[in-house]
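One-letter residues, chain by chain:
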Amino acid sequence: MLAAIDHVQLAAPPGSEPVLRAYYAGVLGMTETPKPPVLAARGGCWFRAGAVRLHLGVEADFRPARKAHPGLRVMDLDACAARLTAHGAPVTWDDTLPGHRRFYSEDPVGNRLEFLESAG
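Calculation criteria
Residues numbered from 1 in each chain as written. Predicted model: local features only at pLDDT ≥ 70, side-chain atom pairs only at ≥ 80, totals over all residues. Heavy atoms only, no water. 1 Å grid on protein atoms, 1.4 Å probe; cavity = no way out; pocket = protein on both sides within 12 Å on 5 of 7 lines; lining within 4 Å. Points joined across faces, edges and corners; volume = space filled by probe spheres on them. Helix = DSSP H or I, 4+ residues; strand = E, 2+ residues; numbered from the N terminus. Nonpolar A, V, L, I, M, F, W, Y, C, P; charged D, E, K, R; others polar. Salt bridge = Lys/Arg side-chain N within 4 Å of Asp/Glu carboxyl O. Buried < 20%, exposed > 50% of the residue type's maximum accessible area, 1.4 Å probe, protein only. Polar contact = N/O pair within 3.5 Å; in protein donor to acceptor, adjacent residues only side chain to side chain. Phe/Tyr/Trp six-rings, centres within 6.5 Å; stacked < 30°, edge-to-face > 60°.

Enquirer: It is not clear to me how the layout of surface pockets should be interpreted in this structure. Could you clarify?
Expert: Over the atoms rolls a probe the size of a water molecule, and in doing so it shows where empty space is left. Of the volumes computed, that of the largest pocket is approximately 250 Å³. Along the wall of the largest pocket there are 13 residues; nearest its centre are Leu28, Met30, Arg73, Val74 and Phe115. Elements represented by at least two residues in the lining of the largest pocket include exactly β4 (52–58), β5 (71–73) and α3 (77–86). Taken together, the residues of the lining of the largest pocket sort by class into 11 nonpolar, no polar and 2 charged. Of the volumes computed, that of the second largest pocket is approximately 210 Å³. Contributing to the lining of the second largest pocket are 13 residues, with Val8, Ala51, Val52, Arg53 and Gly71 lying nearest its centre.

Spelled out as structure tokens, the structure:
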């Protein structure tokens, strides 16, 4: 029945599109994809990197996700951590998932993100 996840949507406060673009495109290297005009009028922005699609939607009474998060697989976890640290993003390592290396971080509006790779 289910085939794949099409995208993950995270919330963001009104007017945060410039910092989201700087982070998701500039720091993470994702490509911004155009929203259909009727959806673009609502604000927010969409990003893609390969099969990974993240949508950031504006929420008037925004509160960042502190527990819920997307888990993003990366090719070089140490390089990813170094890049995030160099751009001032927090990196909190977690060694509790067997067979994986991972850390948690936050986007510029405080949404929790997990970055991970296989340990083997």
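So much for the structure itself; the text now carries on.
Enquirer: So what exactly am I meant to see when it comes to the pattern of salt bridges here?
Expert: Oppositely charged side chains can pair when the atoms bearing their charge come close. Going through the model one piece at a time under the given rule, you end up with 7 salt bridges. The shortest N-O distance in the salt bridge between arginine 66 and glutamate 106 comes to 3.0 Å. Of this pair, arginine 66 sits in the loop between β4 and β5 while glutamate 106 sits in strand β7 (residues 100–106), and the two are 40 residues apart along the sequence. Owing to a relative accessible area of 53%, arginine 66 belongs among the exposed residues under this scheme. Overall, the relative accessible area of 31% leaves glutamate 106 in the partly exposed class. With a shortest N-O distance of 2.7 Å, arginine 101 and aspartate 78 are connected by a salt bridge. With arginine 101 in strand β7 and aspartate 78 in helix α3, the pair connects residues that are 23 residues apart, well separated along the chain.

Enquirer: So what exactly am I meant to see when it comes to the environment of serine 105 here?
Expert: Of note, serine 105 is situated in strand β7. According to the relative accessible area criterion, serine 105 is buried, its value standing at 4%. At a separation of 2.4 Å, a polar atom in the side chain of serine 105 contacts the main-chain carbonyl oxygen of proline 90.

Enquirer: Just to check I follow, could you spell out the packing of aromatic side chains for this structure?
Expert: Two aromatic rings are characterised by how far apart their centres lie and by the angle between their planes. The final tally for this structure, using the stated rule, is 4 aromatic pairs. Taking 5.4 Å as the distance between ring centres and 25° as the angle between the ring planes, the aromatic pair formed by tyrosine 24 and phenylalanine 47 counts as stacked. Here tyrosine 24, found in helix α1 (residues 17–27), pairs with phenylalanine 47, found in strand β3 (residues 45–49); they are 23 residues apart in sequence, far enough to count as distant. When sorted by exposure, tyrosine 24 lands in the same class as phenylalanine 47, which is buried. Three or more aromatic residues link up through ring pairs in this structure, and these residues are Tyr23, Tyr24 and Phe47.

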